[in-house]
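Breakdown of the fold
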Amino acid sequence: MKSVAQRPAPATRHVVSINDLSDQDIQSVFDTAQGYLDTLGDRQLPYRLAKSSRVASGRILATLFYEPSTRTRLSFESAMLRLGGEVITSADPATSSAAKGESLADSVRVISSYADAIVIRHPRDGAARLAAEYSPIPVINGGDGSHEHPTQTLCDVFTLKRKNKNLKKLNVAISGDLRGSRTIHSFVYALARLGASIVPMPAPGMELPAHVDRRLREEFNCSFRPAKGAIGALYMTPDEPHQPALFADPDFEIDVKPSASRSEQKIAAVYVTRFQKERWADKDQAYPKIDAQFLKDAKYSQASVLHPLPRVGELDVSLDTDTRAVYFEQAAYGVPVRMALIALLLGLPDGPAMETYSGGFAPAERPLYDHPFTEGLSCSNRNCIVHEPMEAPYVRNKFHVVRGEDGCRLRCLYCEHDSEGFVVASRKNKWYADDPSLLLTEADHTLKDLVAFRDGASAQEAGYRARQQAAPRRRSKPAS
Ligand code: NCD
């Protein structure tokens, strides 16, 4: 066997959100994935692998799935096997210790002694972040509730790149259940980072969640343009890239008309999603169908059609033979792309170098509101992992304090939903005030003294009283 230089073991890092990967990381994963396609690919079918390597020999990947999966689990397992590693799997919560009531925090600590990396899928938003907190080995999010699905996004963007759709300034339409689809949430952050414009085409009542919409506008500097013109409503990304490193790569440059006319351009890709019926109480909702008739409109003449799959009627099978359909290729790229990600996280000799790791997409510095006591605000998202009774002893409410367009908000560290409109109390002085921005104005050391409550009534119940406004000083009477 050819001897290969050993890399020092990389520091443990997790991929819970697409934003845990810097633009440079994403580019390196793509380059490595392309390398696997070039060296291990099937000569007949350019999107599939036909050979394996031995670089991960002796390494083990655990797949820990609490929700159904075909593509994500099997492509991760295939990826590890193609790298020459081994796989252990827990694919059915009914046959794992979860059925006996074991917490995720305990399961992850146990499994981390059996494997070198864990892929986790869970119905609760934020579960992967909690798993990462307890894991000494890399945790990869294979989909957590309706939060994120970052590795699907890697496959999606890789597919678009393979179709020569370098995304800067292109219009990408996203259709269907934009609220419940975790693939959409990771995808829109990536689109914004790559400079694409996002054209939302939600099913009725299934718009992007408020916290995702806000992050696009506030954090990724997208400007929202309400519906007008051929394309309709869209989030336009700024002309300046977010991380210039990525755009220094000539491969990511593309000649396009100036951004002012972007809205008049065509749609470069349509990303279709299914109705996430497992995440909605009302199962009988109207839902758009993408078919040949829909795609007849001239603006879709060059549009690649993507879908994370499975499809359940929203994407007509007659499109399968349409040259614009790329969804089966997209699923096939799950193997080389996930191989490259595993290689990055495990520091495999043929994988991308980790030295450039900068902590992911440059986040704004935000204070962390993290109280080791149980009183006060808990995450507003009822499906967040912090509300899972089994995890109660292992998780507490943690929030980033965010300065938004409309004041101060608390963003849950796990599911990234926002809480707003709360009151802030001082534990030392026992008052509360209807002023969330106190969390922003107080210095870090005093932040520890403050506690947020949903409303004044909850603060009063916990023994706090409304803060009195300082009374205006009385003028002393002039001596007569
Ligand atoms: C997606 C998922 O699980 O979020 N599937 C996948 O991983 N390819 C999409 C879906 O289930 O609708």
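A few points on the structure. Because the structure is a prediction, the values reported are computed rather than measured.

Side note on the state of the cysteines
As enumerated under the stated definition, the model contains zero disulfides in all. Counting only cysteine sulfurs, C384 is the nearest neighbor of C412, a cysteine outside any disulfide, at a range of 3.7 Å.

Things to note about the pairing of strand 4 (residues 139-144)
The buried fraction of strand 4 is high, at six of six residues. Relative to strand 4, strand 3 (residues 117-122) runs parallel, the two sharing four bridges. Bridged to I120 within strand 4 is N141. The parallel pair strand 3 and strand 4, bridged by helix 4 (residues 127-134), forms a crossover whose chirality is right-handed.

Let's talk about the side chain of T32
Tracing the sequence through the fold places T32 in helix 1 (residues 23-40). Owing to a relative accessible area of 12%, T32 belongs among the buried residues under this scheme. A distance of 2.9 Å separates a polar atom in the side chain of T32 from the backbone oxygen of S28. If near-sequence neighbours (up to four positions away) are discounted, T32 is found in contact with A340, D350, G351 and P352.

Some words on the site of the ligand
Taken together, R71, T72, R121, H149, Q152, R182, T183, R274, Q276, P308, L309 and P310 make up the full set of residues near the ligand. R274 places a side-chain nitrogen or oxygen 2.7 Å from an oxygen atom of the ligand. Between Q276 and the ligand, the recorded distance is 2.8 Å, taken from a side-chain N or O atom to an oxygen atom. Expressed as a share of its isolated accessible area of 310 Å², the protein-covered part of the ligand is 94%. For the shell around the ligand, the secondary-structure elements that each account for two or more residues are helix 2 (71-82) and helix 6 (182-194).

Side note on the nonpolar core
L154, I174, L216 and L341 are the most contacted members of the largest nonpolar core, which totals 63 residues. It is helix 10 (residues 334-346) that contributes the most residues to this core, 10 residues altogether. Counting contributing residues, this core receives three or more from each of domain 1 (18-148 + 332-356) and domain 2 (151-249 + 261-331). If near-sequence neighbours (up to four positions away) are discounted, L341 is found in contact with V15, L21, V29, I140, T151 and L154. Ranked by size, the runner-up nonpolar core spans 50 residues in total, among them I137, F422, A425 and V451.

Structural notes on the side chain of D213
Of note, D213 is situated in helix 7 (residues 210-219). In this structure D213 comes out as buried when scored by relative accessible area, which is 17%. A polar contact of 2.7 Å, which involves the side chain of D213, links it to the side chain of R217.

Quick notes on helix 10
Compared with an ideal rise of 1.5 Å per residue, which puts 13 residues at 18 Å, helix 10 spans 18 Å between its outermost C-alpha atoms and is within 8% of the ideal. Within helix 10, 13 of the 13 residues are buried, which leaves the element mostly enclosed by the surrounding structure. In the segment just after helix 10, G347 is the residue with positive phi, at about 65°.

What counts as what
All residue numbers refer to position in the chain's written sequence, counted from 1. Per-residue local features of the predicted model are confined to residues with pLDDT of at least 70, and side-chain atom pairs are confined, for both listing and counting, to 80 or more; whole-chain, interface and lining totals are unaffected and use all residues. Side-chain measures here rest on the full set of heavy atoms in the structure, leaving out hydrogens and waters. The disulfide criterion used throughout: a pair of cysteine sulfur atoms within 2.5 Å. Burial classes follow relative accessibility: with a 1.4 Å probe on protein chains only, a residue under 20% of its type's maximum area counts as buried, one over 50% as exposed, and anything between as partly exposed. Strands here are runs of E lasting at least two residues and helices are runs of H or I lasting at least four, both read from the DSSP assignment and numbered beginning at the N terminus. In this description, strands pair whenever DSSP reports at least two bridges between them. The handedness rule is simple: strands pointing away from the viewer, and a clockwise path from the first strand over the helix to the second, make the crossover right-handed. Counted as a polar contact is a pair of N or O atoms within 3.5 Å, where, for protein atoms, one must be capable of donating a hydrogen and the other of accepting one, and residues adjacent in sequence contribute only when both atoms are in side chains. Should any heavy atoms of two residues lie within 4.5 Å, those residues are counted as being in contact. Nearness is defined per residue: one heavy atom within 4 Å of the molecule or strand is enough. Only the protein chains shown count as covering a residue, and every accessible area follows the Shrake-Rupley method with a 1.4 Å probe. As used here, the term nonpolar core means buried Ala, Val, Leu, Ile, Met, Phe, Trp, Tyr and Cys residues forming a set that is joined through side-chain atoms within 4.5 Å. Either an automatic procedure or a domain database provided the assignment from which the domain bounds are taken. To estimate how far a helix should extend, the number of its residues minus one is multiplied by 1.5 Å.

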